[in-house]
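What follows is the residue order along each chain.
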Amino acid sequence: EIGELLEGCYVTRWNKRAIDILPGGGGKALGMEEYLRREGIERQEIMAFGDGENDADMLAFAGIGVAMGNAADKAKANYADFHSVITSLMLRTF
């Protein structure tokens, strides 16, 4: 696996053909945490929506995490508070 070749990084997938390579300790949750700190917003006040493995930390971090209907199993399992029947693909049509 590519993650084993990149010391200090971790790899997460967001679709069958694409990955994110992030520095250890980085990710969407860290970015959200920094933004919320600067804006004076509590994490319990936000919702996050996601469908990929790379959304798992964000869904777990948010006050309410919603996995889209087409979400990867990792995003759904143990990370999201709710599962939507609406897919991210459906939202793109609006």
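Definitions and limits used
- Residues numbered from 1 in each chain as written.
- Predicted model: local features only at pLDDT ≥ 70, side-chain atom pairs only at ≥ 80, totals over all residues.
- Heavy atoms only, no water.
- Helix = DSSP H or I, 4+ residues; strand = E, 2+ residues; numbered from the N terminus.
- Buried < 20%, exposed > 50% of the residue type's maximum accessible area, 1.4 Å probe, protein only.
- Areas by Shrake-Rupley, 256 points an atom, 1.4 Å probe, with all protein chains shown as cover.
- Lys, Arg positive; Asp, Glu negative; His and termini not counted.
- Charge placed at Lys NZ, Arg CZ, Asp CG, Glu CD.
- Patch = residues over 30% accessible without salt bridge, like charges linked within 9 Å, V, L, I, M, F, W, Y side chains within 5 Å.
- Salt bridge = Lys/Arg side-chain N within 4 Å of Asp/Glu carboxyl O.
- pLDDT = per-residue confidence, 0-100.
- Expected span 1.5 Å × (residues − 1).
- Contact = heavy atoms within 4.5 Å.
- Pairing = 2+ DSSP bridges.

### Concerning the overall build of the chain
So, step 1. Helix and strand counts for the chain stand at four helices and five strands.
So, step 2. Start at the N end of the chain and walk to the C end: the helices and strands fall as β-β-α-β-α-β-α-β-α.
So, step 3. With the C-alpha coordinates of the chain rotated into their principal frame, the extents come out at 40 × 35 × 25 Å.
So, step 4. When burial is assessed residue by residue, the chain has 29% of its 94 residues classed as buried.
So, step 5. Roughly 6600 Å² of accessible area belongs to the chain as shown, and the carbon and sulfur atoms make up 55% of that amount.
So, step 6. Averaging the positions of the 10 positive and the 15 negative side-chain charges in the chain gives two centres separated by 7 Å.

### Notes on a nonpolar patch on the surface
So, step 1. Nonpolar side chains collect at one region of the surface, where I2, L5, I19 and I21 lie side by side and expose about 370 Å² of accessible area between them.
So, step 2. Following the sequence through the fold, I2 ends up in the segment before β1 (9–15).
So, step 3. Given the relative accessible area of 39%, I2 is considered partly exposed.

### Describing the confidence of the model for the chain
So, step 1. The pLDDT averaged across the chain works out to 84; a share of 90% of its residues lies at or above 70.
So, step 2. For the chain, per-element mean pLDDT is lowest for helix α4 (residues 88–91), which scores 60, and highest for helix α1 (residues 28–39), which scores 95.

### Side note on α1
So, step 1. Taking 1.5 Å per residue as the helical rise, α1 with its 12 residues ought to reach 16 Å, and the 16 Å between its terminal C-alpha atoms agrees with that figure.
So, step 2. Those residues of α1 that are buried are in contact with β3 (47–50) and α2 (56–61).
So, step 3. One or two steps after α1, the chain reaches G40, where phi turns positive at roughly 70°.

### With respect to the sheet that holds strand β5 (residues 82–83)
So, step 1. Strand order across the open sheet formed by three strands is β3-β4-β5, with parallel pairing between neighbours. The sheet is open, and its two borders are formed by β3 and β5, each paired with just one other strand.
So, step 2. In this sheet, β5 lies alongside strand β4 (residues 64–67) in parallel orientation, the contact comprising two bridges. Paired with A67 across the strands is H83, a residue of β5.

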